[in-house]
Amino acid sequence: MVKFSKQFEGQLVPEWKEAFVDYWQLKKDLKKIPLLNIENNATNKNKNKESSCTNNLISSIRKLPLFGPQRREHGVIQVHTKLAQTLSKGDLYETELLEQFADTEAAAEFFALLDLQLNKVNKFFRTKEKEFVERGESLKKQMEILIELKAALKQHHDIGTSSGQNSKEDESISGTISCDEESTKDRTEQEQDIENSIDEVNKNDGQLTDSPRSSEQEKSTSIKREDSKSKSLSERVINIQGKSLKIHIPLTNPTRTFSAISYLLRDDMINQSSKKCGTDGRKLHINRTKLKHAEKMIRGAFIELYKGLGYLQTYRNLNMLAFVKILKKFDKVTNKQVLPIYLRVVESSYFNSSDKALKLADDVEEIFIKHFAEDDKKKAMKYLKPAQKKESHAVTFFIGEFQKKESHAVTFFTGLFTGCFLALFVGYVIMAHITGLYRSQSDTIYMETVYPVLSMFSLMFLHFFLYGCNIFMWRKTRVNYSFIFELAQTKELKYRDVFLICTASMSAVVGVLVLHLTLVAKGYSYNQTQAIPGLLLLAFIMLLVCPFNIIYKSSRYHFICVIRNIILSPLYKVVMLDFFMADQLCSQVPMLRNLEYVACYYITGSYKTQDYGYCMRTKYYRDLAYAVSFLPYYWRAMQCARRWFDEGHKSHLVNLGKYVSAMLAAGAKVAYEKEKNMGWLCLVIVMSSAATVYQLYWDFVKDWGLLQCHSKNPWLRNELMLRRKIYYYFSMGLNLVLRLAWLQTVLHYNFGSVDYRVTGLFLAALEVIRRGQWNFYRLENEHLNNAGKFRAVKTVPLPFHEVDEQD
């Protein structure tokens, strides 16, 4: 049977871990009591025997009514309730010991910690419940506005249809745009009021040591302040049916971005002479497309709110169970009846007695079923509870058994393909050694045409394999990578799936190359076998874009969408997964250059004439090859620029400088390859050294959150997910060494008689390995930041904002 402590840790919300009952510390304090009881029993054993008769005589005399009034029976403890200084904290509980324990000091320390945990749970539950209730009220108002706008649009459509107007274009309703100065003033005053209220709350709440490190209100305020620049491009204020509404549609795709920028330019041209608005105002059209975007935003906000309410219910149940378990242990250790007394207090406390969250969850279900699921509850639950299904116990058991069988099948095939890959790879290495392919004086045609395909796939699936290892470690350390990447829990790849894809793909790649090498060894000419590597690459591309629902279709299409967002990074809103993937591409420059070369070799038809040098001689393709070296850094720099534009943080500009320095270093290397002289060599060393120092600082301090001078862990951070600190020191040293791999481009060191292309593959693999370990610590730091601010659900922006007409 699994211990409750492990069940408790496995079921709690990772980002709220600090707000849960500290069950482990309570167990430690409880262990002090029996140990001290044994010591006291050993030392006082003889004294108890000698004084037992005297104590019995005195106790019997005290029971007589002649020696005073009869004392009323009382419990072991008494829990006092006192009102907190602020209403946000609610009632505070403090336990008084009414009987002597074997070690009263240890028992008092235990109950002091228990009271502290109960007060902490009540305060956190009250804070989160208030936040969710306010969010729910805002969403209900958003829903009312959306319904009114839909009704107005439908009425306008019906009038246009009855009057015989042309309705080919998308119907729209018009409103007036309010003055930019007024809306800006209104937004500034609202932000100032929120800041003042938060400062007042923080001032009052600063006395509790178990208070959250930063509240969700601070986060929402900072988002409002930082998003003012992007909102100025996407917000409109309209007046319809007596309401002044400000519409905000985030600039999440190129169409909205271009539309907002063109509107800004047109607005600046119109208002060059005057900044004041006219009396009539300018017309704004709200069409069905905008309403669909607004409806999608509101639906996503309802889903996240329902998810947060589910987490709050889990928080309630687990904490209640933790109190019951620890009190049972206390009764077992001390032979006292404490559980019934303290449990009555816990049951009547705010976190267990309040039903606001339950009522709000029912309201969210009702609204979602009515307006987003066409009165179909089953359809609504697919969105609200995608990973939970209300089935009977028999069905649940069957599903569990099916999942186990599916998991075993994936593990079996992973092992099977691993064995196939190892056998084929050993055979390939033996054949390559016999034919002398990888020596410095090897078959040039093979190394220039076939080897880049093997190198490309090796780097790609090595990176993918390390991603599977990252997933395994994230799950083991309870890093909530699904929430960070905003992945659907029902469709995300598990580490077993990743390993299966890697082993199956590399088995196919090595198998095809063994077949190709076998045909060459049997005397087939290159003209007859040269198309085999190209067909292999084409097969993988066709599989990636395959429209049929086979071989992880949702993951493949999600990957394509992320690559599209990266390529058009200035035009798309940047999320965590986008810039995380762009960082991966920065470590895959050799793979991208191989892909560009192989594509050029087969697209231009050079494989028919075996003219492998055509792509390097033609200036267009040669310049394109150099551009590939810059593209990942350019994409990442554009993402930093877009994030600065959206959020306003100057740190994004500093991060942009890191990728600019990397591009300058890469440009110096390209120039040095063309003209190998001392001047360019010195420039390469200076630029690469500066870029390396820049990147190391950002890796350790910004991405990993390490090298904190005032941390309780020397040169690390206060919160660590791994138990042993040596892992962090080793990773920092390894990251430093692998960051210096660029020295190979200067030294041109070769390992014996091995071909320089093999050496390049080895160095590129080291960079991929460095990126693999970087991934773990990057998400660990991101998870700790979310946990520090108790962010467990996304804050979805709302489209409609009412404007006070008095302003």
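Now for a quick tour of the structure. (Residues numbered from 1 in each chain as written. Predicted model: local features only at pLDDT ≥ 70, side-chain atom pairs only at ≥ 80, totals over all residues. Heavy atoms only, no water.)

### Points about the environment of P632
Then comes step 1: Tracing the sequence through the fold places P632 in helix α26 (residues 619-647).
Then comes step 2: Classification of P632 by relative accessible area gives buried; the value is 0%.
Then comes step 3: Discounting chain neighbours no more than four positions away, the residues touching P632 are L585, C586, V589 and L592. (Helix = DSSP H or I, 4+ residues; strand = E, 2+ residues; numbered from the N terminus. Buried < 20%, exposed > 50% of the residue type's maximum accessible area, 1.4 Å probe, protein only. Contact = heavy atoms within 4.5 Å.)

### Overview of the packing of aromatic side chains
Then comes step 1: Enumeration over the complete set of coordinates arrives at 44 aromatic pairs.
Then comes step 2: Taking the centre distance of 5.9 Å and the plane angle of 80° together, the rings of F8 and F20 count as edge-to-face. In this pair, F8 sits in helix α1 (residues 4-11) while F20 sits in the loop between α1 and α2 (23-43), placing the two residues 12 residues apart along the sequence. Across this residue pair, the class does not change: F8 and F20 are buried.
Then comes step 3: On the basis of an interplanar angle of 85° and a centroid distance of 6.1 Å, the ring pair of W16 and Y315 is categorised as edge-to-face. In this pair, W16 is assigned in the loop between α1 and α2 and Y315 in helix α9 (residues 288-334), connecting sequence segments 299 residues apart.
Then comes step 4: Accessibility expressed as a relative area gives 1% for W16, which makes it buried.
Then comes step 5: Of the aromatic side chains, those joined through ring pairs into one cluster are F4, F8, W16, F20, Y23, W24, F124, Y311, Y315 and F790.
Then comes step 6: When the ring centre of W24 is taken as origin, the NZ or CZ atom of K17, which lies over that ring, is 5.8 Å away. (Phe/Tyr/Trp six-rings, centres within 6.5 Å; stacked < 30°, edge-to-face > 60°. Lys NZ or Arg CZ within 6 Å of the ring centre and 35° of its normal.)

### Description of helix α21 (residues 553-567)
Then comes step 1: Compared with an ideal rise of 1.5 Å per residue, which puts 15 residues at 21 Å, α21 spans 21 Å between its outermost C-alpha atoms and is within 8% of the ideal.
Then comes step 2: Listed in full, the buried residues belonging to α21 are S555, R556, V562, N565 and I566.
Then comes step 3: Buried residues along α21 sit against α20 (531-544), α22 (576-586) and α26. (Expected span 1.5 Å × (residues − 1).)

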